[in-house]
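Observations on the model geometry
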Amino acid sequence: MAKVSVSLLSADFTRMVEDAKRMMECGTDWLHCDVMDGSFVPNITFGPQMIRDLRKNLGPDAFLDVHLMIEKPERYVEEFAAAGASLICVHQEATVHLQRTLQAIRNCGVKAGVALNPATSEMTLEYVYDVADLVLCMTVNPGFGGQKMLPIVAKKVRKIDKRRKELGLSFDIEVDGGVSTENAKMFRDAGTTVLVSGNSVFKAPDVALAIRGIRGE
Ligand code: DX5
Ligand code: ZN
């Protein structure tokens, strides 16, 4: 069964803990935390302090899926790990020494993820598969919630899934951007194991039902 990682980008930032708790009560598997620096992406959100406070208030069982949309993320890996991230995902486009950065995340005892923008080829992953616990395929250009999903990315997910099987590996494949109950099946069928959803879940009249629908229950 696929997992759902509800994006806190759609939460009320003045009530982050309450919204995160509500999403956990409604059955989300992971909490997706979008860190934006105003440079790699046009938007600015929050930094390690938010992760520290979420960890403090949510306890050890919450899975904090931290998506770094920042330039040179290697500068902040240790700080986000110490703050309580469960997984740290960096963009291939934002770090020059990708293999080193992924290894540095693992060295902190945290799961390592690599994210690809919609226009970035999966070929770039060939030499880092052995140090990745998760591959994140962006289904929108990163920066904002509530954008329209790009269906062509399902093709990339299928290629990565095929390579995962050929290599006998078990890393997660996550999609992020515009995911809803209506389009989640297409990505699950392509091999996605974690589906990020922000707007569609937060705006749903029945949040628990939306989460179950995206998960494919
Ligand atoms: C976009 C973020 C996403 C976003 C997804 O740059 O990385 O995680 O919050 O939100 P929705 O589901 O609203 O597209
Ligand atoms: Zn994200």
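Okay, so let's go over this structure. Computed from a predicted model, the values in this text were never measured in an experiment.

**Considering the site of ligand 1**
- The environment of ligand 1 is formed by 20 residues, the closest being Ser 7, Asp 34, Gly 143, Asp 176 and Gly 198.
- With respect to ligand 1, the backbone of Gly 178 contributes an N or O atom lying 2.8 Å from an oxygen atom.
- Gly 198 places a main-chain nitrogen or oxygen 2.8 Å from an oxygen atom of ligand 1.
- When ligand 1 is considered free in solution it has 380 Å² of accessible area, and contact with the protein chains removes 99% of it.
- Take the shell around ligand 1: its biggest share by element is three residues, from strand β2 (residues 30-36).
- Grouping the constituent residues of the shell around ligand 1 by class yields seven nonpolar, eleven polar and two charged.

**Re the pattern of salt bridges**
- As enumerated under the stated definition, the model contains 14 salt bridges in all.
- Taking the shortest distance from any N to any O, the salt bridge between Arg 52 and Glu 79 comes out at 3.8 Å. Of this pair, Arg 52 sits in helix α2 (residues 48-58) while Glu 79 is found in helix α3 (residues 77-83), placing the two residues 27 residues apart along the sequence.
- Residue Glu 79 is classed as partly exposed on the basis of its relative accessible area of 37%.
- In this structure, Asp 189 and Lys 185 form a salt bridge, with 2.7 Å as the shortest nitrogen-oxygen distance. Residue Asp 189 and its partner Lys 185 are both found in helix α6 (residues 184-190); the two are separated by four residues, about one turn of the helix.
- Given the relative accessible area of 56%, Asp 189 is considered exposed.
- Note on Lys 185: relative accessible area 49%, which makes it partly exposed.
- Each member of the salt-bridge network shares a partner with another, and the members are Glu 126, Lys 162, Arg 163 and Glu 166.

**Looking at the coordination of the zinc ion (ligand 2)**
- The coordination sphere of the zinc ion (ligand 2), as far as protein atoms go, consists of His 32 (NE2), Asp 34 (OD), His 67 (ND1) and Asp 176 (OD), spread over 2.1 to 2.3 Å.
- For the zinc ion (ligand 2), the six donor atoms are set out with angles of 71 to 172° between them, so the coordination reads as octahedral.
- Between the donor residues of the zinc ion (ligand 2), the gaps in sequence give the motif H-x1-D-x32-H-x108-D. In this pair, His 32 sits in strand β2 while His 67 sits in strand β3 (residues 64-69), placing the two residues 35 residues apart along the sequence. Here His 32 and His 67 have matching classes, each one buried.

**Here we look at the sheet that holds strand β4 (residues 87-91)**
- A barrel is described by the order of its strands in space; here eight strands give the closed sequence β1-β2-β3-β4-β5-β6-β7-β8, paired in parallel fashion. Adjacent strand axes in the sheet meet at a mean angle of 25°, parallel and antiparallel pairs treated alike.
- Direction of pairing for strand β6 (residues 134-138) relative to strand β7 (residues 172-176): parallel, over a ladder of five bridges. Its bridge partner being in β7, Val 135 is matched across the sheet by Ile 173.
- Those strands touched by α2 are β2 and β3, and its axis lies near 175° from that of β3.
- Lying over the sheet, helix α8 (residues 207-215) contacts β1 (3-7) and β8 (194-197), oriented at roughly 130° with respect to β1.

**Points about the nonpolar core**
- Of all hydrophobic cores here, the largest spans 61 residues; its most connected members are Leu 8, Ile 51, Leu 54, Leu 64, Val 66, Ile 88 and Leu 102.
- For Ile 88, the contacting residues outside a window of four places in its chain are Val 66, Leu 68, Val 77, Phe 80, Ala 81, Ile 105, Val 110, Lys 111, Ala 112 and Gly 113.
- By size, the runner-up hydrophobic cluster in this structure holds ten residues, among which are Phe 63, Leu 87, Val 140 and Val 194.

**Concerning the packing of aromatic side chains**
- Scanning the entire structure with this criterion turns up three aromatic pairs.
- Both rings, one in Tyr 129 and one in Phe 171, keep their centres 5.2 Å apart while their planes meet at 15°; by these two values the pair is stacked. Of this pair, Tyr 129 sits in the loop between β5 (111-116) and β6 while Phe 171 sits in the loop between α5 (153-167) and β7, and the two are 42 residues apart along the sequence.
- Since its relative accessible area comes to 4%, Phe 171 is described here as buried.
- A cation over an aromatic ring shows up here: Arg 164 above the ring of Phe 171, its NZ or CZ 5.7 Å from the ring centre.

What counts, and at which threshold
Residues numbered from 1 in each chain as written. Chains lettered and ligands numbered in written order. Predicted model: local features only at pLDDT ≥ 70, side-chain atom pairs only at ≥ 80, totals over all residues. Heavy atoms only, no water. Near = heavy atom within 4 Å. Polar contact = N/O pair within 3.5 Å; in protein donor to acceptor, adjacent residues only side chain to side chain. Areas by Shrake-Rupley, 256 points an atom, 1.4 Å probe, with all protein chains shown as cover. Helix = DSSP H or I, 4+ residues; strand = E, 2+ residues; numbered from the N terminus. Nonpolar A, V, L, I, M, F, W, Y, C, P; charged D, E, K, R; others polar. Salt bridge = Lys/Arg side-chain N within 4 Å of Asp/Glu carboxyl O. Buried < 20%, exposed > 50% of the residue type's maximum accessible area, 1.4 Å probe, protein only. Donors = N, O, S within 2.8 Å, 3.2 Å for Na, K, Ca; no water. Tetrahedral: all angles 85-135°; square planar, octahedral: opposite > 155°, others 65-115°. Pairing = 2+ DSSP bridges. Axes fitted to C-alpha atoms, helices over the stretch in contact; angles between N-to-C directions. Contact = heavy atoms within 4.5 Å. Core = buried A, V, L, I, M, F, W, Y, C linked by side-chain atoms within 4.5 Å. Phe/Tyr/Trp six-rings, centres within 6.5 Å; stacked < 30°, edge-to-face > 60°. Lys NZ or Arg CZ within 6 Å of the ring centre and 35° of its normal.

All we've got here are geometric facts, nothing functional implied.
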